[in-house]
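Residue-level structural notes
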Amino acid sequence: MGFFILLSALLIRCNRQLREEVNRQDRNLSVWMTEAKSYRFRDSLRIRSVAALELRIAELKKYREADARLIRELRMRPRDVTYITRTETVVKDSLIYVLRPDSCFYYSDRWLTVDACLRDSSMYIESRDSLVQIIHKEYKHRFLWWKWGLKGVRQEMVNFNPNAAITYSEFLHVRK
């Protein structure tokens, strides 16, 4: 009798683990099949919303070798890493200024500094950007103030530079 109870408990535990794995792979598939959301906030702040791709440590080592190598180079253990994010931005701005053969030009604002001089053929350009990344849980169900059933983890990135746009974002959730 005790053997059947032990076997039933083992099978129930195995079934639960397999269901969790199927749900994880289903969420990963939906992340791959959907586009990242981009929208504006306060008329000028660009926001990009990306769902997390959940990888196990073995999958990280197998499919994301460059990230695993970087973790080793930083002298970290892969099991201590929870999230890996990668973001790319592009800054687009234009200045029109007619220069005389021996003139210099200087422009500066909160996000861009340009110092050009034709006399010595020098040009200094500095572009600044500010990103805020917010990581939050998405729930499957909501009722009044209760939330339950984790649907996934999302990352919201706010770009404060009005001249820059987030062109690519990736968000990995590393699970044990």
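This text goes with the structure placed above it.
This is a predicted model, so every value here is computed, not measured.

Cut-offs used in this document
Residues numbered from 1 in each chain as written. Predicted model: local features only at pLDDT ≥ 70, side-chain atom pairs only at ≥ 80, totals over all residues. Heavy atoms only, no water. Pairing = 2+ DSSP bridges. Helix = DSSP H or I, 4+ residues; strand = E, 2+ residues; numbered from the N terminus. Axes fitted to C-alpha atoms, helices over the stretch in contact; angles between N-to-C directions. Core = buried A, V, L, I, M, F, W, Y, C linked by side-chain atoms within 4.5 Å. Buried < 20%, exposed > 50% of the residue type's maximum accessible area, 1.4 Å probe, protein only. Patch = residues over 30% accessible without salt bridge, like charges linked within 9 Å, V, L, I, M, F, W, Y side chains within 5 Å. Areas by Shrake-Rupley, 256 points an atom, 1.4 Å probe, with all protein chains shown as cover. Salt bridge = Lys/Arg side-chain N within 4 Å of Asp/Glu carboxyl O. Contact = heavy atoms within 4.5 Å. 1 Å grid on protein atoms, 1.4 Å probe; cavity = no way out; pocket = protein on both sides within 12 Å on 5 of 7 lines; lining within 4 Å. Points joined across faces, edges and corners; volume = space filled by probe spheres on them.

**Examining the sheet that holds strand 5 (residues 104-108)**
Strand order in the open sheet made by the 3 strands is 5-6-7, with antiparallel pairing throughout. The sheet terminates laterally at strand 5 and strand 7 (122-127), the two strands that pair on one side only. Strand-to-strand twist across the sheet, computed as the mean angle between neighbouring axes with direction ignored, equals 5°.

**Details of the pairing of strand 5**
Summarising the sheet, strand 5 and strand 6 (residues 112-117) pair through 5 bridges and their orientation is antiparallel. The partner of Phe105 across the bridge, within strand 6, is Ala116. Connecting the antiparallel pair strand 5 and strand 6 is a turn made up of 3 residues.

**Some words on the nonpolar core**
If you look at the biggest cluster of nonpolar residues, it comprises 11 residues: Val31, Ala51, Leu53, Leu55, Ile57, Leu60, Ile71, Val81, Ile84, Leu172 and Val174. Going through the elements one at a time, strand 3 (53-56), helix 2 (57-63) and strand 10 (164-175) are the ones with two or more residues in this core. If you look at the next biggest cluster of nonpolar residues, it comprises 6 residues, including Val153, Met157, Ile166 and Phe171.

**Section: a nonpolar patch on the surface**
Residues Phe3, Phe4, Leu7, Leu10 and Leu11 make up a contiguous nonpolar surface patch of roughly 540 Å² in combined accessible area. Note that Leu10 resides in helix 1 (residues 2-33).

**Examining the environment of Met123**
Along the polypeptide, Met123 turns up in strand 7. Spatially, the C-alpha atom of Met123 lies 32 Å from that of Met157, the residues being 34 residues apart in sequence. Excluding residues within four positions of it along the chain, Met123 makes contact with Asp115 and Ala116.

**Description of the pattern of salt bridges**
One side chain can pair with another of opposite charge once the charged atoms of both are near each other. One pass over the full model with this rule turns up 5 salt bridges. Across the pair Arg24 and Glu59 runs a salt bridge whose closest N-O atoms are separated by 2.9 Å. Of the two residues, Arg24 is situated in helix 1 and Glu59 in helix 2; the sequence distance between them amounts to 35 residues. Judged by its relative accessible area of 1%, Arg24 is buried. Each of the salt bridges in this network shares a partner with another, and the network as a whole consists of Glu21, Arg24, Arg56 and Glu59.

**Looking at the layout of surface pockets**
When its volume is computed, the largest pocket comes out at roughly 680 Å³. Ser30, Val31, Trp32, Thr34 and Ala51 are, among the 30 residues lining the largest pocket, the residues nearest its centre. Among the elements that make up the lining of the largest pocket, the one with the highest residue count is helix 1 (6 residues).

**Some words on the environment of Ser121**
Residue position: Ser121 is located in the loop between strand 6 and strand 7. Classification of Ser121 as exposed rests on a relative accessible area of 67%. Between the alpha carbons of Ser121 and Ile84 there is a distance of 42 Å; along the sequence they are 37 residues apart.

Keep in mind these values describe shape, not function.
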